[in-house]
Structures are given as C-alpha cells and as structure tokens.
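# Examining the three-dimensional arrangement
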Amino acid sequence: MATAPAAEVGAVQEFTVTVIVRRFDPEVDAEPYWQDFDVPMYSTDRVLDALHKIKWEQDGTLSFRRSCAHGICGSDAMRINGRNRLACKTLIKDLDITKPIYIEAIKGLPLEKDLIVDMEPFFASYRQVQPFLQASSKPEKERLQSIEERARFDDTTKCILCAACTSSCPVFWTDGQYFGPAAIVNAHRFIFDSRDEAAQVRLDILNDKEGVWRCRTTFNCSEACPRGIEVTKAISEVKAAILRGKP
Amino acid sequence: MTTDMTLDAPRTPHARTKRGINWEKWGWIYMRVSGVLLVVLIFGHLFVNLMVGEGINRIDFAFVAGKLADPFWIVYDLLLLWLALIHGTNGMRTIVNDYVANARVRRILHIALLASTAVLLVLGTLVLTTFDPCPAGADPELVASFCEDIL
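Residues numbered from 1 in each chain as written. Chains lettered and ligands numbered in written order. Predicted model: local features only at pLDDT ≥ 70, side-chain atom pairs only at ≥ 80, totals over all residues. Heavy atoms only, no water.

This part is about the overall build of chain B. Across its full length, chain B carries 4 helices and 0 strands. Going from the N terminus to the C terminus, chain B shows its helices and strands as α-α-α-α. With 151 residues in all, chain B has 27% of them scored as buried. In chain B, the proportion of contacts linking residues at least 24 apart, taken out of those at least 6 apart, comes to 61%. (Helix = DSSP H or I, 4+ residues; strand = E, 2+ residues; numbered from the N terminus. Buried < 20%, exposed > 50% of the residue type's maximum accessible area, 1.4 Å probe, protein only. Contact = heavy atoms within 4.5 Å.)

Moving on, we get to the pattern of salt bridges. Applying the stated criterion across every chain yields a total of 24 salt bridges over all chains. In this structure, E237 of chain A and R152 of chain A form a salt bridge, with 3.4 Å as the shortest nitrogen-oxygen distance. With E237 of chain A in helix α8 (residues 231-244) and R152 of chain A in the loop between α3 (147-151) and α4 (170-174), this residue pair connects regions lying 85 residues apart in the sequence. Note on R152 of chain A: relative accessible area 35%, which makes it partly exposed. Between R189 of chain A and D193 of chain A there is a salt bridge, with the nearest N and O atoms lying 3.0 Å from each other. For the pair formed by R189 of chain A and D193 of chain A, the shared burial category is buried. Through salt bridges that share partners, D175, K209, E210 and R214 of chain A together with E24 and R93 of chain B make up one connected network. (Salt bridge = Lys/Arg side-chain N within 4 Å of Asp/Glu carboxyl O.)

Listed by partner, the interface residues are 13 residues for chain B and 13 residues for chain A. Carbon and sulfur atoms supply 49% of the area buried between chain B and chain A, which totals about 1400 Å² over both sides. Our count for the contact surface shared by chain B and chain A stands at 2 salt bridges. Of the charged contacts, one joins R216 of chain A and D98 of chain B as a salt bridge, the two residues approaching to 2.4 Å between their closest N and O atoms. (Buried area = accessible area lost by both parts, 1.4 Å probe.)

Residue and element names in this part refer to chain A. The tally for this structure, following the rule as stated, stands at 0 disulfides over all chains. Cysteine C162 remains unbridged, with the sulfur of C165 as its closest cysteine sulfur at 6.4 Å. Under the relative-accessibility criterion, C162 is labelled buried at 7%. Note on C225: no disulfide assigned, nearest cysteine sulfur contributed by C162 at a separation of 6.5 Å. (Disulfide = S-S within 2.5 Å.)

All names here are of chain A. If you check the backbone angles, L161 has positive phi at about 55° while not being a glycine. Examined against the element boundaries, L161 turns out to sit in the loop between α3 and α4. Phi at F219 takes a positive value of approximately 65°, unusual for a residue other than glycine. Residue position: F219 is located in the loop between α6 (199-206) and α7 (220-224). Residue classification places F219 among the partly exposed residues on the basis of a relative accessible area of 49%.

The next point concerns the environment of S222 of chain A. Residues and elements named next belong to chain A. Here S222 is to be found in helix α7. On the basis of relative accessible area, S222 is assigned to the partly exposed category, the value being 21%. Distance from S222 to D196, taken between C-alpha atoms, is 26 Å for residues 26 residues apart in sequence. Setting aside chain neighbours within four positions, we find S222 in contact with I229, E230, V231 and T232. Here T232 takes part through its side chain, which lies 2.7 Å from a polar atom of the side chain of S222. (Polar contact = N/O pair within 3.5 Å; in protein donor to acceptor, adjacent residues only side chain to side chain.)

The next point concerns the nonpolar core. Residues L206 and V238 of chain A are the most contacted members of the largest nonpolar core, which totals 72 residues. For V238 of chain A, the residues in contact, after removing those within four places along its chain, are I184, H188, I191, F192, L203, L206 and V212 of chain A. With 6 residues, the next largest nonpolar core counts L38, L41, Y76 and L83 of chain B among its residues. (Core = buried A, V, L, I, M, F, W, Y, C linked by side-chain atoms within 4.5 Å.)

Glancing now at the pairing of strand β5 (residues 101-104) of chain A. As defined by bridge partners, strand β1 (residues 14-23) of chain A adjoins β5 of chain A across 3 bridges and the pair is classed as parallel. Looking at β5 of chain A, one finds that V19 of chain A is bridged to I101 of chain A. (Pairing = 2+ DSSP bridges.)

Bringing the sheet that holds β5 of chain A into the picture now. Residues and elements named next belong to chain A. An order of β2-β1-β5-β3-β4 is seen for the 5 strands of this open sheet, with the pairing classed as mixed. On the outer flanks of this sheet lie β2 (33-42) and β4 (83-86), each paired with one strand and no other. Strand-to-strand, the axes of this sheet are offset by a mean angle of 35°, without reference to chain direction. As paired elements, β1 and β2 share 10 bridges and run antiparallel to each other. Bridge pairing in β2 links I20 to D36. In the packing of helix α1 (residues 47-58) onto the sheet, contacts are made with β1, β2, β3 (77-80) and β5, and the angle to β2 comes to roughly 105°. (Axes fitted to C-alpha atoms, helices over the stretch in contact; angles between N-to-C directions.)

So, in structure tokens, the structure goes:
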C-alpha cells in the first residue's frame, strides 16, 4: 500500500477569505455598517457557503434569504463585489480572493435587515403586468403550439424572479415607479405566447409613462441575470411590439 | 346609505388608461429618428465646411454669408439647429431624471433646461431667417462676391 501523497493532484485547496458584509439591524443601528469576517474556505465553495459558515460558526445574527441553494428559487440575489449575483451560483474560485469579498443587499428596494430587502414593490410591478395565461377557448385537451411558436418566448420563461436585474437598473434606483426589467420580461413571456389573448392589454400597460420607455438600454439587467436571459433584448422587443401595435 | 361603486365587478376587462399625448413614447421615438437624421446632417455639415475645396481656410464672413443666401442651407441649418438642440435637451432631461432625487431641484433643472433651449431656438431661428449677407456700408473685400451688384 502506497502512502497518501502530500499534495495530491486535483486536491481541494483550502484558504482563508476575508468577507466584508454590510450589516443592518433596524432595532439597533441607525445606519448600515460594514463588518468583516475571516472564513476558512475551499476552492469548491460558493459565496453562500461563506455566509453559512459565518452564520453557523461566527455570528448567528447574520440574516439572509436562501432556499434551494442551487440557483433556481431566486432567494439569494445580492450585491457581490459590486455586481448583482446569486450567492449560491458564485464560486469563491471565480473571485479575486487576495482582496476581501464585499457582500451587501441588492439596491433600490427598502432594506429590512442585513442582506434582506422588502421585495413587495418588485412583486407589485410583477403583478401589474398580469403574468398568467389568458385565453377564452376551452380546448378538450392541451392548447397546441408549434416548436417555433414556443421558441419565440423561450428565453423569458427562464426568469426566477430573483430581482437581480431590477435592482441593478439605474432607472429603477431613482424612479421606483418604473416597472423594472423583471416585470417587462414576464410580460414578454405572455405577450409573445401564441396561446395567450391578452397581449394588447399588457402592451397597453407597458406603454405607460413609467413603462418600457423609461428603459435606457444600459444593459445592467442583461449583465446581472443569473439565468442568462437577454433582458435588454426582451425589453426592446416589447418596445417594438408597442410601436407595431401587435406582438 | 349611499356607496360609491369604486371596485370593478369581477371579470371586468382591463380599461385602457385615458391619457393625452404619450410624451415618454414620442420622446423615445424622437431620439431615434432625430439621431439618424443628425448623423447625416452633421457629417454633411462637417464635409461641406471643412473638406470641400480649400477646407477650413476659406471659412470667413463671406463664406457663411454665401451659404446663408441659399434657401437650401437655411433649411439645412434650421433642421440641424432644431433637431440637435431638442435631442440634446431631452438627453439632459433624462440625465437629470437619473441623477437628481430631490423633486424640487429636479423641477428647477427641468425649467432651466426648457428656458435655455427655448431662448437658443428662438435666437438661432432669428439669425438664420433674418440674416443679411450684404450689410449696407460693409467693406466689399469682406462680403460675398455677389454683393457687388447690390451694394
């Protein structure tokens, strides 16, 4: 039997990472403040694992949302090193760990505690675009759709409502009345669905003063989307549909 | 007891929101249309003024007077003035909306933008439409060649 080599090829490296979290407890603090933690991490770890280690081993008062931890529930969108990312999809090895990792709550929504924001304004504008199928026909079986018709809105079906796009949008930061990219993406998903009959209603809603015309094509939303949705393209398609008067 | 029926009955279809002109939409369209026209107009302006013939060396009062004696260039410059100024002002309005959170400061800046644009548009239009290429008593050396017949 050979003894285990000292440095095995492909072994998981361990290192200490400095994580600086923007903390805020509304019952104690008047203003948010930055607190740093030294966390032992493996190269296979994610930012979410760092937050777990802090909460479980160092400071149990750290508050953040997470549910599935596998990039599909959309709970843990946060601002990591100044960019909106899902903590569960951001690997430590992809960040520059010679410098501290800065983590704060997403911007533009009311801060509740630590990394938790009030998502209600975000969901309110989501509800306004009527994000559900509206059809008058009652078929015996399923509603048929060709592969091409399905492909038309495939990109926007991927949204997980994490708010990374909307909270990265500079227009949304200063104008909270703006629908925001996520609501427009979810409107796009039904506007271009051949089975849906309320496209005109949604186009009318988004033709509002605070609708798609507020979009400035800065591409922050497309850059932030953890699902790789071409958000800015979807918004532009909705703009074009409004000008055409039909999807 | 009288009650105002403010709630829609269930299954009432979405009512089209009543409004006048959709300024945000037309502003957005204006930026695109004027942008395309301005690319052509600005490069045409630069080409004619700086590249043709002796280029920049022949620009003097006579050159400008000669251009503004031609109705084509008056229309050209009027288009350039109005399209570019309104395009720029709308862009500035957008930047103010993005960066100014205080409603009062925002309003003051919007009014200042509107006022300065209006003044510049009126002044520019006045110069272009009332320009006299052959001012009375001017040195014949300095004015356009066709002024000899008039002076």
